[in-house]
Amino acid sequence: MLRSLSDFHYIIPAMQINKAQFICSSEKLSQLPADSLKEFAFIGRSNVGKSSLINMLTGHNGLAKVSSTPGKTRLINHFRINDGWYLVDLPGYGYARTSKTQRSEFAKIIMDYVQKCERMHFLFVLVDSRHEPQKIDLRFMEMLGREGIPFGIVFTKTDKLSAAQLKRNVETYKQMLAEQWEELPPLFLSSSEKRRGRDEILDFIEKCLTEC
């Protein structure tokens, strides 16, 4: 059962990332790394700021390729962190300017991974904090719930809003989720530019690894 963010108390320094290494890009499960390291995956709609968040978390600005063109990530990208776990960059979804065939291919890659990869320990779903809840994100989260896939929500680009606007938008999201969820997934507030949320997300991952 997922717990709320308030159940976690961050009383120690954030995990130190001393080594972050790109391992491979895969288009199907058979190409994923064959070892047994736990995987923590990141996903979201195109242009939600996923690559910037990954670079901020790892402290390696060029690790994930940041592009002004939405839909750039089209494969499953594995980065080995501290030789102890994988950070996984999944393709963005919902980019309308790709062909129907490409969207179908992306959907298959994503669904195969989140539903069948036994090493995936947790999925971080990124949403843009500036916008109201999007149907495509909510439907994706509903699917995760039905499949019993553990996930949390990362609100990105929080530096673009005032504190009052951010609080209002997050509360709107929580209210919509509460209509279908008895217990909300963990929530994280992030800003790649301000390095906000780095400690909370890395501490969460470290706690998960410790409890494995």
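Computed from a predicted model, the values in this text were never measured in an experiment. The residue numbering used here restarts from 1 in each chain and proceeds along that chain's sequence as written. For this predicted model, a pLDDT threshold of at least 70 governs which residues receive local features, and a threshold of 80 or more governs which side-chain atom pairs are given and counted, while totals over whole chains, interfaces and linings are taken from all residues. Derived side-chain values reflect all non-hydrogen atoms in the structure, with water molecules and hydrogen atoms excluded from consideration.

Asks: How would you summarise the overall build of the protein if you had to cite specific residues and measurements?
Replies: We count a stretch as a helix when DSSP gives it H or I for four or more residues in a row; a strand needs E for two or more, and each element gets its number in order from the N terminus. When helices and strands are tallied, the protein shows five helices and seven strands. Ordered by position from the N terminus, the helices and strands of the protein form the series β-β-α-β-β-α-β-α-β-α-β-α. Only heavy atoms matter for contacts: two residues are in contact if any of them lie within 4.5 Å across the pair. Contacts in the protein between residues far apart in sequence, at least 24 positions, make up 77% of those at least 6 positions apart. For the accessible areas, the method is Shrake-Rupley and the probe is 1.4 Å, while residue cover comes only from the protein chains on display. In the form shown here, the protein has an accessible surface area of approximately 11100 Å², with 47% of it arising from carbon and sulfur atoms.

Asks: Report on the nonpolar core, specifying residues and quantitative values.
Replies: Definition used in this section: a nonpolar core is a set of buried Ala, Val, Leu, Ile, Met, Phe, Trp, Tyr and Cys residues joined via side-chain atoms within 4.5 Å. Only protein chains enter the accessibility calculation, which uses a 1.4 Å probe. A residue is then buried if its area is under 20% of the maximum for its type, exposed if over 50%, and partly exposed in between. Counting residues in hydrophobic clusters, the biggest one holds 35 residues, and the most contacted among them are Leu90, Tyr113, Val114, Leu123, Val125 and Phe140. For this core, the secondary structure elements donating two or more residues are strand 2 (38–44), strand 4 (85–89), helix 2 (100–116), strand 5 (120–128), helix 3 (135–147), strand 6 (151–156) and helix 4 (163–178). Take this core: its biggest share by element is five residues, from helix 3. Counting residues in each nonpolar core, the second largest holds 26 residues, with Leu57, Ala64, Phe204 and Cys208 among its members.

Asks: So what's going on with the pattern of salt bridges? Which residues, and what values?
Replies: Salt bridges are counted wherever a side-chain nitrogen of Lys or Arg sits within 4 Å of a carboxyl oxygen of Asp or Glu. One pass over the structure, following the stated rule, counts 13 salt bridges. Here Arg80 ties to Asp83 by a salt bridge, and the two come within 3.2 Å at their closest N and O atoms. Residue Glu171 pairs with Lys174 through a salt bridge whose shortest N-O separation is 3.5 Å. Residue Glu171 and its partner Lys174 are located together in helix 4, separated by three residues, close to a single helical turn.

Asks: Please give an account of unusual backbone geometry that cites residues and values.
Replies: The phi dihedral of Asn47 is positive, around 70 degrees, even though this residue is not glycine. Turning to its location among the elements, Asn47 is positioned in the loop between strand 2 and helix 1 (50–58).

Asks: Talk me through the side chain of Ser26; I want residue IDs and the actual numbers.
Replies: Among the structural elements, Ser26 can be located in strand 1 (residues 20–26). The class of Ser26 is buried, set by a relative accessible area of 1%. Polar contact is the term for a pair of N or O atoms within 3.5 Å; when the atoms are in protein, one must be able to donate a hydrogen and the other to accept it, and sequence-neighboring residues count only if both atoms are side-chain atoms. Polar side-chain contacts of Ser26 include one of 3.2 Å to the backbone oxygen of Gln31.

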